[in-house]
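One letter stands for each residue in the lines below.
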Amino acid sequence: MKASTFFLGLVAGSVAAAVTVLYSAPQSGDELRKTFKNAATNMKDKFKDVKGCVDDLKDSISHLTQEAKEVIPVAIDGIKGSVEQWQQATEPNKQRMEKEIVAIQKALEELEQSLVAQQK
């Protein structure tokens, strides 16, 4: 929902409420005008508060965006460095395991050949 749509709805609702109060008011004209004036003043104060909150939110989002632009690349570089270190640390084990797998495959082939030779 866009903020302009929200505020338009808020204003339209306020106007409708004001008109309803005018037609169903049990007060005299002077009292009603004073009440309406107070309500309008309160509404203006509330709009100012909402505007201040929206401005604060915009500032917070802007600050968060700026921090994210600075922090995320550093974090990504750190993760890449950690992955590279892990790969380097595990490389000897990887090579050793590959050699062992080749040796196991050769042993299995020799075993198969010896079994075939024994069956003949």
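The rules we used
Residues numbered from 1 in each chain as written. Predicted model: local features only at pLDDT ≥ 70, side-chain atom pairs only at ≥ 80, totals over all residues. Heavy atoms only, no water. Helix = DSSP H or I, 4+ residues; strand = E, 2+ residues; numbered from the N terminus. Buried < 20%, exposed > 50% of the residue type's maximum accessible area, 1.4 Å probe, protein only. Areas by Shrake-Rupley, 256 points an atom, 1.4 Å probe, with all protein chains shown as cover. Lys, Arg positive; Asp, Glu negative; His and termini not counted. Charge placed at Lys NZ, Arg CZ, Asp CG, Glu CD. Salt bridge = Lys/Arg side-chain N within 4 Å of Asp/Glu carboxyl O. Patch = residues over 30% accessible without salt bridge, like charges linked within 9 Å, V, L, I, M, F, W, Y side chains within 5 Å.

Peer 1: I would appreciate a short explanation of the overall build of the protein in the present structure.
Peer 2: A count of helices and strands for the protein gives 2 helices and 0 strands. With the principal axes as the frame, the protein shows a C-alpha extent of 120 × 40 × 15 Å. Residues counted as buried form 2% of the 120 residues belonging to the protein. Summed over all atoms, the accessible surface of the protein reaches about 10,700 Å², with 62% contributed by carbon and sulfur. Taking the average location of the 16 positive side-chain charges in the protein and that of its 17 negative ones, the two points are 10 Å from each other.

Peer 1: Help me understand the pattern of salt bridges, please; the structure alone is not making it clear to me.
Peer 2: If charged atoms from side chains of opposite charge come close, those side chains can pair. Applying the stated criterion across every chain yields a total of 2 salt bridges. Residues Asp55 and Lys51 are paired through a salt bridge, measuring 3.4 Å at the closest nitrogen-oxygen approach. Here the residue Asp55 and the residue Lys51 both occupy positions in helix α2 (residues 29-119), the gap between them amounting to 4 residues, near one helical turn. We classify Asp55 as partly exposed; its relative accessible area is 31%. Linking Glu100 and Arg96 is a salt bridge whose minimum nitrogen-to-oxygen distance equals 3.1 Å. Of the two residues, Glu100 and Arg96 both sit in helix α2, 4 residues apart, roughly one turn of that helix. Assessed through its relative accessible area of 42%, Arg96 is described here as partly exposed.

Peer 1: Got a minute to help me understand a nonpolar patch on the surface in this structure?
Peer 2: A grouping of Val11, Val15, Val19, Leu22, Tyr23 and Phe36 is seen on the molecular surface, where their side chains present a nonpolar patch of about 600 Å² in accessible area. Of all the elements, helix α1 (residues 3-23) adds the most residues to the nonpolar patch, at 5 residues. Summarising the element assignment, Tyr23 is placed in helix α1.

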